[in-house]
Amino acid sequence: MPYLNRSNLCTRSIPKNIWIISLICIFFGPVLAYEQQLNLSAYFDSNPRENLDNIESTVGLKAKGLIRFNQDTQNARFYGSILGQGFLEPALFLDSKVVVNGELGGTYKFISGYRLYAGLKTFQKLYFDEFQRSGRTTLSASVKRLKSYKTHQELGMERTEAHIDYGTLFQYSDQRLFLDLTRQVTPAFQAELSVQLGQVDYKDYPARMLIGSSLIFSEIQNQQDVTRTLGIHVKHLGKLIWGTAVNYEDINSNSALAESKVWSAKLYASGRLSEQVFFHVVLNGMKKYYAQTDVLEITPYRDPEENIQNQLHIQIERVIQPSRVLYIQYSYIKNETVFNHWFYNKNLIETGIKLTL
Amino acid sequence: MSHLTKILLPTLFALSLVGQDLNSAWQAYMSTNASIAELVARRTSYSQEQIEIKSDVDELQQSSDWYNAWINKFLLSGHSKRQLVILDSLRVFDTELERLHSLQKSEIQDLKFAYENVLQDYEKKGVIPVGQSLRNMQNFSRGRRVLSYSPILFPDYTDLLNLQLHNPEHRKLILTDVQSLLLAKIIELDSIKNVREEEAELALRLASFHEDLGLQMEADPDAQRRNASGNTDKLLGWVTTEPSSEFAVNDVIEDDGRDMASGLSREAIDLININAPREEVREMSLDQRSGKDLNYLKKKIVEYQMLLEEINQELDQ
């Protein structure tokens, strides 16, 4: 994580959403169809602080626990999960962290051929260092049309409230309207076209304007971004699963430095090397064209770990038993830091075991 | 299933129900077929003898010496005479086989013609819907075959088992053919099931990997967002046994009567299954029609095994 000014000890309690979802999963989980997973692994991170210079590497231990349930009735389906993940880095102990991800949702067939979906999802991250934390909670709802075997349409909206608390609290909300069109071209080929219209409102974060070469902070307007996104995703199923997704996002903002156009692409493939050995490859690439390239800006409202730009992940899994899987993973990450145009590199190697309990 | 079986099965099915034309065409075809089989068997035995003689001749020639040369010569001349007889016979067989094959070719055309007439009669009577004839089934353009996938054929053979025929020999013939057909189908289903299970396992492993990545990189939207089926994008369409596919099937059952809107053309429905009730075909999801739905494959295996068991019991009696 990037080192920013860390001053105040954060004393806020764990968000209420996490408690609600945890209680539902713990109390209702046993009476519903549920599954439990536990992952244990060790990793090497070449640049845990995502620094440009003064790079320190570290080794760490990671443990992940998951409880998930699904309940189906004739016309409805409910699901929920609570996932906790701890990262312990003995050499850089203060960089250790805990991640919690909770989810509750359901679908309901309210008219023949139409399905309604609603969900609540929350993700929280807490660092050991002065309990710095970040998180986001998303509410979403959509309607899906399933009148045809071959084509599906989904129209919905989602609203996310996010906060980054690294001494200073940054908050923003992100609301999006989306339309997804899916076509099953053949049983093995699926194509998806998605369109999104979004708006991001930042709280207590003034818009910045450029007057000549001077950067002026607005006294009356907070930053507000309007986004338009178009995405195409094609995937092939079968003995080799592969797919590619291309997205284009146009970001218009009242803050001159946030104006940009983003092209991103994702390639992935998974297959078998032998009866019990699987491989997975994911390649993410992103090119961001800022409207203003001469001015360096710091963007403290973003957790850099959540920023996906250029990443390669390769994992090889060996199934010992259906409930016991060994794996090794290599990742290369080249992302923007909290400073525009400044990129850090890191290599991650991870090996561990996945257990289904 | 061979093309011959494809043609013969409905022919047998129709045999008891239709006029004399189809019956005589069928008998003529079978008679020629029997003659061909007999000739081929005789030809094979002559060929085998020819090989044995050749081997004997080689052995005699190699073992020939001053003290046994005259005996070997005598034996060799005997072999030569036999070889000539065999060669003459083979020539006769080949000519006869050529004639029978050409006869069979015309007989199979007669058989197809008679069968199409029967179907036309049925169409007129409304027993079989228009467009389900053999000719229409065969006249799929090449381009369409490339663009559209071929549905996998797993019809319901229960009707054949319940068929009441006057001639028990005909019923026995049909049951024997259905027996071998079911065996082939069970093997086919089992292989497809194995492949699908492997694919489903791969899809689950991939979904788990992407979920882990999505957790590491929370900003990855498609690893996190669920769709209206309650699946994340990674699971959509990859885990075909998810209850979501059941929803899809039910949706279309309820919307029955609007089959054109379901994206499946009437012609495609007809092509899928000549025997199954049309309603059943319409209710099949894309995964079922393409053999991707594991539950459907398992259900079909059990169905065919039970049918086979019944047929075995009846034939053993």
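Residues numbered from 1 in each chain as written. Chains lettered and ligands numbered in written order. Predicted model: local features only at pLDDT ≥ 70, side-chain atom pairs only at ≥ 80, totals over all residues. Heavy atoms only, no water.

Visitor: Quick rundown of the packing of aromatic side chains? Include the residues and the values.
Guide: Pairs of aromatic rings are described using the distance from one ring centre to the other and the angle between the two planes. All names here are of chain A. Counted under the stated rule, the structure contains 10 aromatic pairs over all chains. Both rings, one in Tyr43 and one in Phe87, keep their centres 6.2 Å apart while their planes meet at 70°; by these two values the pair is edge-to-face. With a gap of 44 residues between them, Tyr43 in strand E1 (residues 33-45) and Phe87 in strand E3 (residues 76-88) connect regions that are remote in the sequence. We classify Phe87 as buried; its relative accessible area is 12%. Seen from their ring centres, Tyr127 and Tyr166 are 6.3 Å apart, and the 70° between their planes marks the pair as edge-to-face. Of the two residues, Tyr127 sits in strand E5 (residues 114-127) while Tyr166 sits in strand E7 (residues 151-166), which places them 39 residues apart along the sequence. Since its relative accessible area comes to 1%, Tyr127 is described here as buried. Using a relative accessible area of 4% as the deciding quantity, one classes Tyr166 as buried. An aromatic cluster is present here, built from Phe170, Tyr172, Tyr202 and Tyr205 joined pairwise through their rings. (Phe/Tyr/Trp six-rings, centres within 6.5 Å; stacked < 30°, edge-to-face > 60°. Helix = DSSP H or I, 4+ residues; strand = E, 2+ residues; numbered from the N terminus. Buried < 20%, exposed > 50% of the residue type's maximum accessible area, 1.4 Å probe, protein only.)

Visitor: Which residues make up the pairing of strand E6 (residues 133-145) of chain A, and what values do they have?
Guide: Residue and element names in this part refer to chain A. The sheet contact formed by E5 and E6 spans 13 bridges and is antiparallel. For Arg115, the partnering residue across the bridge sits in E6 and is Lys144. Remark: five residues form the turn of the hairpin made by E5 and E6, two consecutive strands paired antiparallel; Glu130 in that turn has positive phi of roughly 55°. Sheet topology places E6 next to E7; 13 bridges connect them, and they run antiparallel. From the neighbouring strand, Thr138 faces E7, where its bridge partner is Thr160. (Pairing = 2+ DSSP bridges.)

Visitor: Tell me about the environment of A:Ser323, residues and numbers included.
Guide: All names here are of chain A. Tracing the backbone shows Ser323 in the loop between strand E14 (310-321) and strand E15 (324-336). Taking the C-alpha atoms as reference points, Ser323 and Thr356, separated by 33 residues in sequence, lie 4.7 Å from one another. If we ignore the near neighbours within four places in the chain, the residues touching Ser323 are Lys354, Leu355 and Thr356. (Contact = heavy atoms within 4.5 Å.)

Visitor: Could you give an account of the confidence of the model for chain A, with specific residues and numbers?
Guide: Detailed reading of the predicted coordinates is not advisable wherever pLDDT is low. For chain A, the average pLDDT comes to 85, and 88% of its residues sit at 70 or higher. Segment residues 1-13 of chain A: pLDDT under 50, and 38 contacts once partners within four positions in sequence are set aside and those in other chains are kept. (pLDDT = per-residue confidence, 0-100.)

Visitor: Any chance you could break down the side chain of A:Asn335 for me, citing the residues and the numbers?
Guide: Of note, A:Asn335 is situated in strand E15. Among the polar contacts made by the side chain of A:Asn335, one reaches the main-chain amide nitrogen of A:Asn310 at a distance of 3.4 Å. (Polar contact = N/O pair within 3.5 Å; in protein donor to acceptor, adjacent residues only side chain to side chain.)

Visitor: So what's going on with the pairing of E5(A)? Which residues, and what values?
Guide: Two strands pair when backbone bridges link them, and strand E4 (residues 97-111) of chain A and E5(A) are joined in this way by 13 bridges, in the antiparallel orientation. Bridge pairing links A:Asn101 to A:Phe123 in E5(A).

Visitor: Hey, could you go over a nonpolar patch on the surface for me, with residue numbers and the actual values?
Guide: Residues and elements named next belong to chain A. The grouping of Leu155, Met157, Leu177, Leu179, Leu181, Leu193, Val195, Leu197, Leu230 and Ile232 at the surface amounts to a nonpolar patch, some 840 Å² of accessible area in total. Those elements giving two or more residues to the nonpolar patch turn out to be E7, strand E8 (168-186), strand E9 (189-211) and strand E10 (214-236). Inspection of the secondary structure puts Leu155 in strand E7. (Patch = residues over 30% accessible without salt bridge, like charges linked within 9 Å, V, L, I, M, F, W, Y side chains within 5 Å. Areas by Shrake-Rupley, 256 points an atom, 1.4 Å probe, with all protein chains shown as cover. Salt bridge = Lys/Arg side-chain N within 4 Å of Asp/Glu carboxyl O.)

Visitor: Help me get a handle on the side chain of A:Asp250, residues and values and all.
Guide: All names here are of chain A. With respect to the element layout, Asp250 can be found in strand E11 (residues 241-253). The exposure class of Asp250 is buried, given its relative accessible area of 8%. Separated by 2.7 Å, the side chains of Asp250 and Arg228 make a polar contact. With sequence-adjacent residues up to four places away left out, Asp250 is seen in contact with Val226, Thr227, Arg228, Ser260 and Lys261.

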